[in-house]
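Observations on chain architecture
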Protein chains: 4
Amino acid sequence: MSWNTFGRVLRFTTWGESHGPALGAVVDGCPPGIELDERAIQPFLDARKPGQNRFTTQRKEPDQVRILSGTFDGRTTGTPISLMIENVDQRSKDYSEVAKAYRPGHADYAYDAKYGFRDYRGGGRSSARETAARVAAGAVARLIVPEVKITAYVSQIGDDTIDRSAMNFAEIGNNPFFCPDSWAAKRWEEKIDAARKAGSSLGAVVECVAEGVPAGLGAPIYAKLDADLAAAMMGINAVKGVEIGDGFGAAASSGEQNADPMRAGENGSPEFTANHAGGIAGGISTGQPVVCRVAFKPTSSILTPVDTITRPDENGNIENTEIMTKGRHDPCVGIRGVPVVEAMMALVLADHKMLHRAQLG
Amino acid sequence: MSWNTFGRVLRFTTWGESHGPALGAVVDGCPPGIELDERAIQPFLDARKPGQNRFTTQRKEPDQVRILSGTFDGRTTGTPISLMIENVDQRSKDYSEVAKAYRPGHADYAYDAKYGFRDYRGGGRSSARETAARVAAGAVARLIVPEVKITAYVSQIGDDTIDRSAMNFAEIGNNPFFCPDSWAAKRWEEKIDAARKAGSSLGAVVECVAEGVPAGLGAPIYAKLDADLAAAMMGINAVKGVEIGDGFGAAASSGEQNADPMRAGENGSPEFTANHAGGIAGGISTGQPVVCRVAFKPTSSILTPVDTITRPDENGNIENTEIMTKGRHDPCVGIRGVPVVEAMMALVLADHKMLHRAQLG
Amino acid sequence: MSWNTFGRVLRFTTWGESHGPALGAVVDGCPPGIELDERAIQPFLDARKPGQNRFTTQRKEPDQVRILSGTFDGRTTGTPISLMIENVDQRSKDYSEVAKAYRPGHADYAYDAKYGFRDYRGGGRSSARETAARVAAGAVARLIVPEVKITAYVSQIGDDTIDRSAMNFAEIGNNPFFCPDSWAAKRWEEKIDAARKAGSSLGAVVECVAEGVPAGLGAPIYAKLDADLAAAMMGINAVKGVEIGDGFGAAASSGEQNADPMRAGENGSPEFTANHAGGIAGGISTGQPVVCRVAFKPTSSILTPVDTITRPDENGNIENTEIMTKGRHDPCVGIRGVPVVEAMMALVLADHKMLHRAQLG
Amino acid sequence: MSWNTFGRVLRFTTWGESHGPALGAVVDGCPPGIELDERAIQPFLDARKPGQNRFTTQRKEPDQVRILSGTFDGRTTGTPISLMIENVDQRSKDYSEVAKAYRPGHADYAYDAKYGFRDYRGGGRSSARETAARVAAGAVARLIVPEVKITAYVSQIGDDTIDRSAMNFAEIGNNPFFCPDSWAAKRWEEKIDAARKAGSSLGAVVECVAEGVPAGLGAPIYAKLDADLAAAMMGINAVKGVEIGDGFGAAASSGEQNADPMRAGENGSPEFTANHAGGIAGGISTGQPVVCRVAFKPTSSILTPVDTITRPDENGNIENTEIMTKGRHDPCVGIRGVPVVEAMMALVLADHKMLHRAQLG
């Protein structure tokens, strides 16, 4: 099946392939009257844009977004917002090798097994270029939850994690890794350079914190806020794990360690003295920061030849071969995942804000 | 919002509270002609049933399921299957304390923040009793994917993990912990007994392996098989993390380490020499075992008093207090999560099998 | 496929067969804090109840509803409301004839063609008994739109229509036909008696007026208020046509005749001087009464033998035969459709009220 | 709310306004491997295209469709198909009058009541230009149900109906009214010319017949084939009524008259000797032609001044005024509804074909 729509009342649908003429998103359900033009979207696309430094793929895409519908006089009308980004740098390339053999770790084999047929140019629909459409949609979603501050950053590259005591959100924009720890950023520069030169790649962990989410968002039992976040994050290319709050750390702890005690705050409103739960209990936000951690596998495209098989020929025969994925790639795909994680967080929160008021008025 | 339906074409809706007269599930979309009576469901409910040994809550519920619709002459008709389980042991208890103060870690505060009102008896709708309905629905889903063998087990309790070299699925039924490593099971017995006696609790990790899933299931981009699994698992009570394949381990590895090379098998069909991906690439199954790991936090109900606040009184005032959750509880809620994880796996796979043939015929 | 859920954010799922142990509905998404017990639902079921006079089927069903979940202390909690109605009068009967041959006009052949298998007792899932579950769900929906007054009535039986100049809503409860014209009611008594005695049946038109619907409900383009009403009504057993406002009459008119001019009302609020549109323009309510007309075909069960075929035998062979549907039937199924039409109207309006505030706050 | 997606497993989402830069549809769920390029879509858009003769609006739009994604080497890939049509003839016009006062019969007032804000240029999102996107999507859907022959035509304009004994599908393309009765077409030419010259407009009835629909499509209870068709058709601009088979005629008939007797056909397969049901029983197709009738109201834009009110000024005050809708309009909007009705029929049937095989394999 193909299912390219996400969300329940704020829904967006994305379309487009890596090497097609364009890609885009249709955002449906956005409230009317919100100020929106391309300038509200472009900075987020720019943050995700490839080719900005030597640590990301050298494909050069301006990723200029164009709003084709849904606004009037600079404001949303409440009707679907069509966002389009043209593909510019679909470098002419010989794809015959990729057409013939499966790149391990990529979706090549799975797509063929499903559809019997695939657009093999740059991964086609399974390319991470699709995430540009999510980032554009996410920029619209942010405008629906202006009360929320969403911050994502890389907390780990390979096995090298940040020092939490040295974490400073102001540092995130000061390095090409969205790293909140300047010392880690320095180490990573070397680390990724080494991987890049070796034609290797590295995994990463992206953390995302949403501050200002009011208590009460979430839809038990099967649209819990954490369940929807898990789906949103796990569906990003290359993601293999999602945690809320302490995540797998909670599994290793005791009930006493994991408790989030409550106190009456100075102004008489509820406060928590810990946030092991990551801001969500019973699938509903507690008013604490929503905290999510996302594991990205290393980029599957590496310059080391890997064993693989050929596509079945007309007689259904396959053959052993090996493949080495030449071309332009991110040595650590998790880095450019940061704006995507933020976008998905915004989209889930905006959807749940709207779902909440559907029932609660 | 309230959203008690899960699935896309195989959909189930659950209802019921911990201390209401009954709970149930309506399974919709099941193919016709499948043999089904209560005996196909009951064993899975029995596996999840409380009160079977000293390591689980002492609430005694027979959890007898009754099929109220959707079958005729012992076979499914293709119409909705209504499953009902009566609550029997809703022990009369004084809930005044829980009504007045929030139990940290539970959904009490979040539900109040959302709905302004909650059924506080035993957690109401947020109680893990709801998972009985999932297990019943999952038993139906299994019949739709008879080609798949689903096995879940506990791989970690607290910080104590199984020895994978000693893992034996045949052991899972030989101990009260669904543990595939008999030595670990022995250690856990002591560990959980200690926690139970101390009025404490422990977290756990449940792993689930689905063998026999054909290549090609999954619906890119926003109903990816792994994304739907993530939502399914994260939505289970007390779950805080989900991994597919190597999960967070993949984030710590290099592209070479994470590769899943392919070979032509003896019979000419594709084979993989590793399964770091956990059987899913690009959101689509690869034909390898689908592997999922689920982190359960420790039971929030502990006998140690924890700081909390009272429910706002009529003037909106809250007060500091502390609460100690007396009553019957699982010292390690992850254990009884095993049949629930299996059920959710079955439900997701059955749904995707049907989604797949909707598009592919 | 089987798809037993209706609605977008207020959703209900029904289950149950004519001759199973029970039938029911799960209403999901209802706002919390609404006073609800069985007494708020029962009167609507009583209005639809069979066996109340000689003009309806003589099956005797008390249709007592039981609320199994979703309320606490007499108020809704915001969690799913499970409603169950036991079947009592599943008169033991010889169904061998219906099992063997298809009753023309019924769903027998279509169900067999689809599922290859059907519960033939009393029509199974295709029986109009399912509408009891809708009526129960509709009673909950009414509580979500207390500002709306919904009135349905029979405006035509066979080719005999009411005199609109003699229409009086107060008359609707004074006759067994939900007829607002006392003279027509008298004529219909004779007409239906004659049909009943002849073993024949008659079609009917049910009109439904919803007063107090605020302007602005509806979700363009593919969840227009009128489109959702059309689906809701066309999905009722035996319905073959739906009109909004002037309906097919509008097709026969000119733009001048069909105009709904507007005026500033005495209090400065917009008023219309006609309502050809039936309260909906562009899929959105205008603030005028929402008016819907629904065509019910005559009951397909008649005592005149009709040509039909047998079910394919094991070799796939069919044979010509004829069938005469004995047993208990409504001579005019449209009459008991009145409470069902009202229920569907309430369910659509409540859903759209909630959808509206999802987007508009 | 805004809800611009239609369908359950074959889903399409449309976007765009009458006077924006473009409009389009994203078709999601289409099976892979189907031959598709713009030439498969364009003829249907051409049939709907405005400005082709004096009986339709004089707006000149080439309505050239462009496929932006979802195909590779001339075949569908199973991923979303993005279709875009640029708006060319958004004639610069003074919209100040329409901005200030509501056009009766149009969605102007309803949109303002809902969103507080609207794109008033040519009706914005509520313009019938949106139906171009449906027609494009419908052309894709047709390729999924090649076994079905869909034919729509105008059967009535104003109060003038075709002579069914003179009906000939071959005539449909021989006149500008999609009329299957050449004598009626002649009468209508005069009739519409008169209306056009008088600045008036006329309603119409469009009939649609789908031949070759296999028995068994439809999803009881809340996605019945007829219910989904009713929603599909009622959601078309200007539609006020939908009938399946005999429709309101069935309401006026007796059970004997309405029966669809069955016979064993020559080849031993089931045949019907009548089709009062319009090919659908119990919400499931019977194998007979699916027959649907759709009532279009007269175009609301007329040259006769109609009473209306002004938009509320900043103090919320409204004033009485009158409005006369100048500009380019169809004197009978039902005529160009024919390709739209066909498209919606194709989309519903393709969706149900896929839904059916999801459950039945």
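Whatever comes next refers back to the structure up there.
Calculation criteria
Residues take numbers from 1 onward in each chain, read along the sequence in its written order. Labels follow written order: the first chain is A, the first ligand is 1, and so on. Under the rules for a predicted model, residues below a pLDDT of 70 receive no local features and side-chain atom pairs below 80 are neither given nor counted, while totals for whole chains, interfaces and linings still include all residues. With hydrogens and water set aside, each side-chain value is computed from the structure's full complement of heavy atoms. In what follows, a contact means two residues having at least one pair of non-hydrogen atoms within 4.5 Å. In this description, buried area is defined as the sum, over both parts, of the accessible area (probe of 1.4 Å) that is lost when the two are combined. Salt bridge, as used here, is a side-chain nitrogen of Lys or Arg placed within 4 Å of a carboxyl oxygen of Asp or Glu. Whenever a nitrogen or oxygen atom comes within 3.5 Å of another N or O atom, the pair is scored as a polar contact, on the condition that within protein one atom can donate a hydrogen and the other can accept it, and that pairs from neighbouring residues in sequence are kept only if both atoms are in side chains. Classification convention: Asp, Glu, Lys, Arg as charged; Ala, Val, Leu, Ile, Met, Phe, Trp, Tyr, Cys, Pro as nonpolar; all other residues, Gly among them, as polar. A strand pair is defined by DSSP finding two or more bridges across the two strands. Helical segments are the DSSP runs of H or I of at least four residues, strand segments are the runs of E of at least two, and each set is numbered from the N terminus. When the copies are superposed, the least-squares fit takes in the C-alpha atoms of residues with a pLDDT of at least 70 in both. Given the number of residues in a helix, its expected span is that number minus one, multiplied by 1.5 Å. Throughout, exposure labels follow a simple rule: accessible area from a 1.4 Å probe, protein chains only, divided by the maximum for the residue type, with under 20% read as buried, over 50% as exposed, and the rest as partly exposed. In this analysis an axis means a line fitted to C-alpha atoms, helices contributing only their contacting stretch, and an angle means the value between N-to-C directions, from 0 to 180 degrees. In this scheme, a crossing is called left-handed if the near helix is turned counterclockwise away from the far one by less than a right angle; it is called right-handed if the turn is clockwise. Lys and Arg are tallied as positive, Asp and Glu as negative. Neither His nor the chain termini are counted.

**A look at the interface of chain B and chain A**
- Listed as interface residues are 106 residues of chain B and, on the opposing side, 105 residues of chain A.
- At the boundary of chain B with chain A, total buried surface from both sides reaches about 8000 Å², with 63% on carbon and sulfur atoms.
- Two residues, A:Asp307 and B:Arg263, come together in a salt bridge whose shortest N-O distance is 3.8 Å.
- Across the chain B-chain A interface, the total number found is 51 residue pairs in polar contact (both at pLDDT 80 or more).
- The residue inventory of the side of chain B that touches chain A, partitioned by class, reads 56 nonpolar, 34 polar and 16 charged.
- Strand direction decides the pairing type here: strand 11 (residues 239-244) of chain A and strand 11 (residues 239-244) of chain B, joined by three bridges, are antiparallel. By the bridge assignment for strand 11 of chain B, A:Val242 is matched with B:Val242.

**Describing the relation of the copies chain B and chain A**
- Between the two copies, chain B and chain A, the superposition gives an RMSD of 0.0 Å; the rotation angle is 180 degrees and the shift along the axis is 0.0 Å. Both copies are brought into coincidence by an operation consistent with a two-fold rotation axis.
- Most of the interface of chain B is mirrored in chain A, where 99% of its interface residues again form contacts.

**Concerning the relation of the copies chain C and chain A**
- Rotating chain C by 180 degrees and translating it 0.0 Å along the rotation axis places it on chain A, where the RMSD comes to 0.0 Å.
- Comparing contact sets, 100% of the residues at the interface of chain C also lie at the interface in chain A, consistent with an isologous, same-surface contact.

**Here's the deal with the interface of chain C and chain A**
- Taken together, the contact between chain C and chain A spans 13 residues of the former and 13 residues of the latter.
- When chain C packs against chain A, the two sides together hide about 960 Å² of surface, and 60% of this comes from carbon and sulfur.
- A per-residue breakdown of the area chain C buries against chain A is headed by C:Arg357, C:Ala358 and C:Gln359, which together make up 52% of the total.
- Linking chain C with chain A are zero salt bridges.
- At the surface where chain C touches chain A, the tally comes to eleven residue pairs in polar contact (both at pLDDT 80 or more).
- Split into classes, the residues belonging to the side of chain C that touches chain A amount to eight nonpolar, four polar and one charged.

**Comments concerning helix 5 (residues 182-197) of chain A**
Residues and elements named next belong to chain A.
- The end-to-end C-alpha distance of helix 5 is 23 Å, a good match for the 22 Å that 16 residues give at a rise of 1.5 Å each.
- Of all the positions in helix 5, only Ala-184, Ala-185, Trp-188, Ile-192, Asp-193 and Ala-195 are classed as buried.
- At its buried positions, helix 5 is contacted by strand 8 (149-157) and strand 9 (160-161).
- Capping the start of helix 5 is the job of one residue whose side-chain oxygen sits 2.9 Å from the backbone nitrogen of Trp-183: Asp-181.

**Observations regarding the packing of helix 6 (residues 225-234) of chain D against helix 9 (residues 337-360) of chain D**
Residues and elements named next belong to chain D.
- Two elements in contact, helix 6 and helix 9, have axes whose closest approach is 10 Å; the angle formed by their N-to-C orientations is 145 degrees. At the point where helix 6 passes helix 9, the crossing takes the right-handed sense. Here Leu-225, Asp-228, Leu-229, Ala-232 and Met-233 of helix 6 lie close against helix 9, whose contacting residues are Val-341, Met-344, Met-345, Val-348, Leu-349 and His-352.

**A short note on the environment of A:Glu17**
- Within the element layout of this structure, A:Glu17 appears in the loop between strand 2 (11-16) and strand 3 (22-28).
- Accessibility expressed as a relative area gives 4% for A:Glu17, which makes it buried.
- Spatially, the C-alpha atom of A:Glu17 lies 22 Å from that of A:Glu342, the residues being 325 residues apart in sequence.
- Once you skip the residues sitting within four places of it in the chain, A:Glu17 turns out to touch A:Ala22, A:Asn87, A:Asp119, A:Gly124, A:Arg125, D:Ser69, D:Gly70 and D:Thr79.
- A polar side-chain atom of A:Glu17 sits 3.1 Å from the main-chain amide nitrogen of D:Gly70.

**Here's the deal with the pairing of strand 8 (residues 149-157) of chain D**
All names here are of chain D.
- Counting buried positions over the nine residues of strand 8 gives eight, a clear majority of the element.
- In terms of strand pairing, strand 8 meets strand 10 (residues 204-211) through eight bridges, oriented antiparallel. Residue pairing across strands places Tyr-153 opposite Glu-207, the latter belonging to strand 10.
- When strand 8 meets strand 9 (residues 160-161), the two strands line up antiparallel, connected through two bridges. Each residue of the ladder has a partner; that of Ile-157, found in strand 9, is Asp-160.
- Count of turn residues in the strand 8/strand 9 antiparallel hairpin: two residues, of which Gly-158 carries a positive phi of about 55 degrees.

**So, the pattern of salt bridges**
- Counting across every chain of the model gives 101 salt bridges over all chains.
- Taking the shortest distance from any N to any O, the salt bridge between B:Asp28 and B:Arg11 comes out at 3.3 Å. Here B:Arg11 lies in strand 2 (residues 11-16) and B:Asp28 lies in strand 3 (residues 22-28), a separation of 17 residues in the sequence. In terms of burial, B:Asp28 and B:Arg11 fall into one category: buried.
- Measuring nitrogen to oxygen at the nearest pair gives 2.8 Å for the salt bridge that ties D:Arg187 to D:Asp160. Here the residue D:Arg187 occupies a position in helix 5 (residues 182-197), and D:Asp160 occupies one in strand 9, the gap between them amounting to 27 residues.
- Look at D:Arg187 and you get partly exposed, because its relative accessible area is 36%.
- In this structure, a network of salt bridges that share partners links the residues A:Arg103, A:Asp108, A:Asp112, A:Arg118 and A:Arg311.

**Details of the sheet that holds strand 11 of chain A**
- Ordered by their spatial adjacency, ten strands build an open sheet running 9(A)-8(A)-10(A)-16(A)-11(A)-11(B)-16(B)-10(B)-8(B)-9(B), and the pairing between neighbours is antiparallel. In this open sheet, the two edge strands, each paired with only one partner strand, are strand 9 of chain A together with strand 9 (160-161) of chain B.
- Across the sheet, helix 6 (residues 225-234) of chain B lies against strand 11 of chain A together with strand 11 and strand 16 (290-296) of chain B, angled at about 155 degrees from strand 11 of chain B, the strand it touches most.
- Helix 9 (residues 337-360) of chain B contacts strand 8 (149-157), strand 10 (204-211) and strand 16 of chain B of the sheet and is inclined by roughly 140 degrees relative to strand 8 of chain B.

**A closer look at helix 4 (residues 130-144) of chain B**
- For helix 4 of chain B, which comprises 15 residues, the first-to-last C-alpha distance of 22 Å matches the rise-based estimate of 21 Å (1.5 Å per residue) to within 8%.
- Among the 15 residues in helix 4 of chain B, 14 count as buried, and that is most of the element.

**Observations concerning the side chain of A:Lys297**
- Of note, A:Lys297 is situated in the loop between strand 16 (290-296) and strand 17 (306-309).
- The charged side chain of A:Lys297 is buried without a salt bridge, its nearest counter-charge being B:Asp260 at 6.9 Å.
- Polar contacts involving the side chain of A:Lys297 include one to the side chain of A:Ser300, which spans 3.4 Å.
- Dropping the residues within four chain positions of it, A:Lys297 is found in contact with A:Gly105, A:Leu202, A:Gly203, A:Ala238, A:Lys240, A:Val333, B:Ala250 and B:Asn258.

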